[in-house]
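# Coordinate inspection notes
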Amino acid sequence: MANGIELMVAAALCIGCPPMQNETLPTNLVQLNDDGNMITEVPLVVGGVGLDEDAPVETLEVILRKKRKLSDMRDWINGKHLRIATLEDYPLSYTELLDNGTRIGHGVSFQIIDFLRKKFNFTYEVFVPQDNIIGSPTDYDRSLIEMVNNSQVDLAAAFIPSLSEQRSFVYYSATTLDEGEWIMVMQRPRESASGSGLLAPFDFWVWILIFVSLLVVGPIIYVLIIIRNRLTGDKEQHPYSLGHCAWFVYGALMKQGSTLSPIADSTRLLFATWWIFITILTSFYTANLTAFLTLSKFTLPYNTVNDILVKNKHFVSIRGGGVEYAIRTTNESLSMLSRMINNNYAVFSDASNDTYNLQNYVERNGYVFVRDRPAINIMLYQDYLYRKTISYNNEKVHCPFAMAKEPFLKKKRSFAYPIGSNLSVLFDPELLNLVESGIVKHLSAKDLPSAEICPQDLGGTERQLRNGDLMMTYYIMLAGFATSLAVFTTELICRFINSRQEANANKWATHGIGRAPNGQSIKPSSRWFRSFRRLDGSSGSGNKQLLGNSTHGQNVTPPPPYQSIFKGSDNTHRWRHAVGQVGHGGQGILLGNGDPNGVGAGGAMGGGVRRFINGRDYMVFRNPNGQSQLIPVRSPSAALFQYTYTE
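These lines cover the structure that appears in this document, whether it is placed above or below. (Residues numbered from 1 in each chain as written. Predicted model: local features only at pLDDT ≥ 70, side-chain atom pairs only at ≥ 80, totals over all residues. Heavy atoms only, no water.)

### Some words on a nonpolar patch on the surface
On the surface, Phe204, Trp205, Ile208, Phe211, Val212, Leu215, Val216, Ile220, Val223, Leu224, Ile227 and Leu231 cluster together into a nonpolar patch covering about 1200 Å² of accessible area. Looking at the element boundaries, Val212 is found in helix α5 (residues 204-232). (Patch = residues over 30% accessible without salt bridge, like charges linked within 9 Å, V, L, I, M, F, W, Y side chains within 5 Å. Areas by Shrake-Rupley, 256 points an atom, 1.4 Å probe, with all protein chains shown as cover. Salt bridge = Lys/Arg side-chain N within 4 Å of Asp/Glu carboxyl O. Helix = DSSP H or I, 4+ residues; strand = E, 2+ residues; numbered from the N terminus.)

### A short note on helix α6 (residues 242-253)
Here α6 spans 17 Å end to end across twelve residues, near enough to the 16 Å set by a 1.5 Å rise per residue. Taken together, the buried positions of α6 are occupied by Cys245, Phe248, Val249, Gly251, Ala252 and Leu253. Backbone geometry just after α6 places Lys255 at a positive phi near 60 degrees. (Expected span 1.5 Å × (residues − 1). Buried < 20%, exposed > 50% of the residue type's maximum accessible area, 1.4 Å probe, protein only.)

### Quick notes on the packing of aromatic side chains
One pass over the structure, following the stated rule, counts 17 aromatic pairs. Both rings, one in Tyr240 and one in Phe271, keep their centres 6.3 Å apart while their planes meet at 40 degrees; by these two values the pair is tilted. On the criterion of sequence distance, the pair formed by Tyr240 in the loop between α5 and α6 and Phe271 in helix α7 (residues 265-295) is long-range, its members being 31 residues apart. For the pair Tyr240 and Phe271, one class covers both residues: buried. When the centroid spacing of 6.3 Å and the interplanar angle of 85 degrees are considered together, the rings of Phe271 and Trp275 count as edge-to-face. Here Trp275 and Phe271 lie together in helix α7, a separation of four residues that amounts to about one turn. Take Trp275: its relative accessible area is 41%, and that puts it in the partly exposed class. The cationic tip of Lys311 hangs over the ring face of Tyr302; the distance from NZ or CZ to the ring centre is 5.2 Å. In this arrangement the basic side chain of Arg413 is found over the ring face of Trp182, its NZ or CZ atom lying 5.4 Å from the centre. (Phe/Tyr/Trp six-rings, centres within 6.5 Å; stacked < 30°, edge-to-face > 60°. Lys NZ or Arg CZ within 6 Å of the ring centre and 35° of its normal.)

Shown next, in the form of structure tokens:
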């Protein structure tokens, strides 16, 4: 390798060399002019273009024919004046009418046309259809496809969606400029469509199933316990009532304890299963509620075409645009929305000013505005800049509108030519180069900032709880208070009715109406007093006591003093009943002392039993007439008992 000194010596020798006399350029050298255009004729090279050396002569002839045709087309269009039709579709294509009546085209479409004009050296004039619509077989008059189909223009320079019915009238360019996406714009809702407050963590059907399980699990547990007891004959595990089972289910849902203590293993498993289910459910609910209040993702109520269709939401779009014809055409993707046109849910505006449509339909009437993405982005950006001058810091004022992420419609868009036109052969290769290099996409978004304008989730302020988040809590409190008030009113009414019934029953008994002179009972004629005929409420035979009867009428002496019950007495033979065996607890009347007449321990009259009833101790025994008697053991209750029978 040459070092630095050798290079310097070689440079000095080159400077001293005489000029070359032979100016012949090397072969296969391509020369360019000052404008950068190629001036060297490149011969047709068969190799390197996908053709073998032994390619058929017909293939070579086709390539040569195409090359000659392109050359002839270049010669034909050179200096030619073209008539170009377009649409008022800002920012892709729009026009400006000068004072002299000349219409000048602007937008991405005419930036492409200007590139072609410089490339092929032609001039043009711009025309706009009278109704500014694309047109269809049923909407043909004064449309763009009418001008193209009747050869009133040589070319339609606009981003025209490829629709099925229009193909019989025009020839679409073989090069697709882009895949158009129509997006929905709506008023920004105050809260996310996923829900708010207490209902947000779960879906609607999850709440429905939770409510159903709350109603069903209690009866299921009750029935399973009953079936288990009947099959096993277990007497230790007493079946719980339906109310206890239902209250257990509700209490477990609220994470409250239960006084129920099942003995059987199967019942314990039923209770444990419900507890495990509630534990998992409440854990998910708590976690999702926390995530929603802190990290929730803002969603819109209308994101897809199905949302518009199911909720019957009013929407507006441009008259004569791709959305209208995609709905009205039977075999297009939006044909299911055709009934919304008949029901006046769909509106197609004649105004080409998107700002007017946004303010008139979306801001004032709450419609959803459907427009293609470049127009939506430019419209929202201009609205954002205007509102920025009103309020500098409040993002809710800057972005009162929100844009859905899912496209409403997707269609490929391209230029259109009259059927049989040769311009597509000349222009399509150049358009393909612009699309593949990304120039068309760059031109569509060059006036927009790199950041997203007014995203769905603004995220500029911290999430604070509002009354809307706690509204369900208020509803639950109001429902609880209203229910308790209704129950309290019902209790008052029932108490009033019962007091009236008791007063009437006491009135019958006081005046002797319920008893004949011979002491026999008289059946009351009113149904309100039939339930008071007997003390125990039954109608069978036996030792029953009539309502209003006193113990003196049956020659029943009052019980002895309380102190003598456990100490013994000579005149208490009727109250002597065995409680325990002789020698277990003293010589009281109820304690038994081995009376041979059978009234002592083990007598026929049966023994007294000590019971704990309603928090008090009682001695339970039977009177000679067969009725059960309760004798309180504690002193305060015993005093009341003695007072009742002696006064």
